[in-house]
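A look at the structure
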Amino acid sequence: MKRGKFITFEGIDGAGKSTHIAGVSTLIRAHGQVVVSTREPGGTPLGEKLRELLLHEPMHLETEAMLMFAARREHLAKLIEPALARGDWVVCDRFSDATYAYQGGGRGLDKAKFEVLEQWVHGHLQPDLTFLFDLPPAVAEDRITAQQRELDRFEQEHRDFHARVRRAYLDRAASSAGRICIINADQPLNIIKKQVEEILLTHCL
Ligand code: TYD
């Protein structure tokens, strides 16, 4: 059985990645593959409980980082690894790049700690392809404000926090050896959709 592909989506809050995740899943299905669409933190019953805590409960910064990896371990064991082994494709809204960007860049934790946890949790597995939706934090902030909904702990952070998250994502893309594809998310939806589809066709389908 051929292992499925693992595709992840990243970006600062308000980058608009959710809209494109559905489109990517549809395109992959049109090519005859079974798609499992999931998210982090979350994706399993326990992971979703941890998500609720992570997004709303104040906690120590290192607790936050470790819970992200704990939820990820559960996610990999219960959902991602079995799906890939069956030959299904997994499309995931955020993965470990988000920990490097948010807990590393945003919170300022030492990334050497994540390298240890990453090796422990998924030393054998990396995404085959990652889309990084990039845009200025001020534009993202306007989009979130326009939605007029209650904000989670990360969305409530100051613009400087999101600027550091963005910087960390871009640094990671620069050293990712082609795995992370940067999409300019400050463009009309149809243009972004076309770029995402082209990258997917070139890299994976
Ligand atoms: P998000 O993916 O933006 O979900 P929604 O589109 O429903 O708002 O929310 C998840 C939040 O969790 C986001 O603000 C980033 C944060 N996060 C981290 O800080 N570290 C991580 O490792 C992950 C996976 C997410």
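Above this text sits the structure in question.
Note that the structure is a prediction, hence the values are computed from the model and not measured.

**A word on the overall build of the chain**
What the chain contains, in helices and strands, is eight helices and five strands. A compact globule built from 205 residues should have a C-alpha radius of gyration of about 17 Å, and the chain, at 16 Å, falls within 12% of that. Along the longest, intermediate and shortest principal axes, the C-alpha atoms of the chain span 45 × 40 × 30 Å. With 205 residues in all, the chain has 51% of them scored as buried. Within the chain, contacts between residues separated by at least 24 positions form 79% of all contacts whose residues are at least 6 apart in sequence.

**Details of the environment of R51**
In this fold, R51 is placed in helix 2 (residues 45-56). C-alpha separation for the pair R51 and R94, spaced 43 residues apart in sequence, amounts to 12 Å. Apart from the residues within four sequence positions on either side, R51 is in contact with R39, E40, P41 and G42.

**Some words on the nonpolar core**
Formed by 40 residues in total, the largest nonpolar core has its most connected members in I7, Y102, F131, F133 and L200. No other element matches the six residues that helix 7 (residues 159-174) contributes to this core. Look past the residues within four positions of Y102 in its chain and what remains in contact with it is G11, I12, D13, R94, R107, F154, F161, V165 and Y169. Formed by 17 residues, the second largest nonpolar core is a distinct cluster that contains A65, L84, V90 and C92.

**Focus: the packing of aromatic side chains**
With the rule as written, the count across this model stands at seven aromatic pairs. Relative to F95, the ring of F6 lies with its centre 5.0 Å away and its plane at 85°, an arrangement referred to as edge-to-face. Here the residue F6 occupies a position in strand 1 (residues 6-11), and F95 occupies one in the loop between strand 3 (89-93) and helix 4 (96-106), the gap between them amounting to 89 residues. Ring pairs connect the aromatic residues Y102, F154, F161 and Y169, which therefore count as one cluster. Positioned above the aromatic ring of F69, the side-chain terminus of R72 is 4.8 Å from the ring centre. Over the face of the ring belonging to F154 we find R153, whose NZ or CZ atom lies 5.3 Å from the ring centre.

**Regarding the environment of R107**
By the element assignment, R107 lies in the loop between helix 4 and helix 5 (111-122). Sequence-wise, R107 and V165 are 58 residues apart; in three dimensions their C-alpha atoms are separated by 8.6 Å. Those residues in contact with R107 that sit more than four places away from it in its chain are L61, E64, Y102, R153, F154, E157 and F161. There is a polar contact of 2.7 Å between the side chain of R107 and the side chain of E157.

**What to know about the state of the cysteines**
Enumeration according to the criterion identifies zero disulfides in this entry. The thiol sulfur of C92 is not disulfide-bonded, and the nearest other cysteine sulfur, from C204, lies at 15 Å. Note on C204: no disulfide assigned, nearest cysteine sulfur contributed by C181 at a separation of 8.9 Å. Judged by relative accessible area, C204 falls into the buried class, the value being 13%.

**Describing helix 2**
Note that an α-helix has 3.6 residues per turn; residues three or four places apart therefore point the same way. Between its first and last C-alpha atoms helix 2 spans 17 Å; for twelve residues at 1.5 Å apiece the expected length is 16 Å, and the two agree. Regarding helix 2, the residues found buried are G47, L50, R51, L54 and L55. Here the buried residues of helix 2 occupy an arc of 125° about the axis, which is enough to place them on one side. Exposed and facing more than 90 degrees away from the buried side of helix 2 are P45, K49 and E52. Next to the buried residues of helix 2 lie strand 2 (35-39) and helix 3 (61-86).

**Some points on the site of the ligand**
With respect to spatial proximity, 17 residues lie near the ligand, and among them D13, R94, T99, Y102 and Q103 are the closest. Between the ligand and the protein, one listed contact pairs an oxygen atom with a side-chain N or O atom of D13 at 2.9 Å. Measuring from an oxygen atom of the ligand, one finds a side-chain N or O atom of K17 at 3.3 Å. Alone, the ligand offers 550 Å² of accessible surface; in the complex the protein occludes 88% of this. Considering every element that reaches the shell around the ligand, the biggest residue donor is helix 4, with four residues. Across the shell around the ligand, the residue classes tally to six nonpolar, three polar and eight charged.

About the cut-offs
- Residues numbered from 1 in each chain as written.
- Predicted model: local features only at pLDDT ≥ 70, side-chain atom pairs only at ≥ 80, totals over all residues.
- Heavy atoms only, no water.
- Helix = DSSP H or I, 4+ residues; strand = E, 2+ residues; numbered from the N terminus.
- Rg over C-alpha atoms; globule rule 2.2 N^0.38 Å.
- Buried < 20%, exposed > 50% of the residue type's maximum accessible area, 1.4 Å probe, protein only.
- Contact = heavy atoms within 4.5 Å.
- Core = buried A, V, L, I, M, F, W, Y, C linked by side-chain atoms within 4.5 Å.
- Phe/Tyr/Trp six-rings, centres within 6.5 Å; stacked < 30°, edge-to-face > 60°.
- Lys NZ or Arg CZ within 6 Å of the ring centre and 35° of its normal.
- Polar contact = N/O pair within 3.5 Å; in protein donor to acceptor, adjacent residues only side chain to side chain.
- Disulfide = S-S within 2.5 Å.
- Expected span 1.5 Å × (residues − 1).
- Arc of directions from axis to C-beta.
- Near = heavy atom within 4 Å.
- Areas by Shrake-Rupley, 256 points an atom, 1.4 Å probe, with all protein chains shown as cover.
- Nonpolar A, V, L, I, M, F, W, Y, C, P; charged D, E, K, R; others polar.

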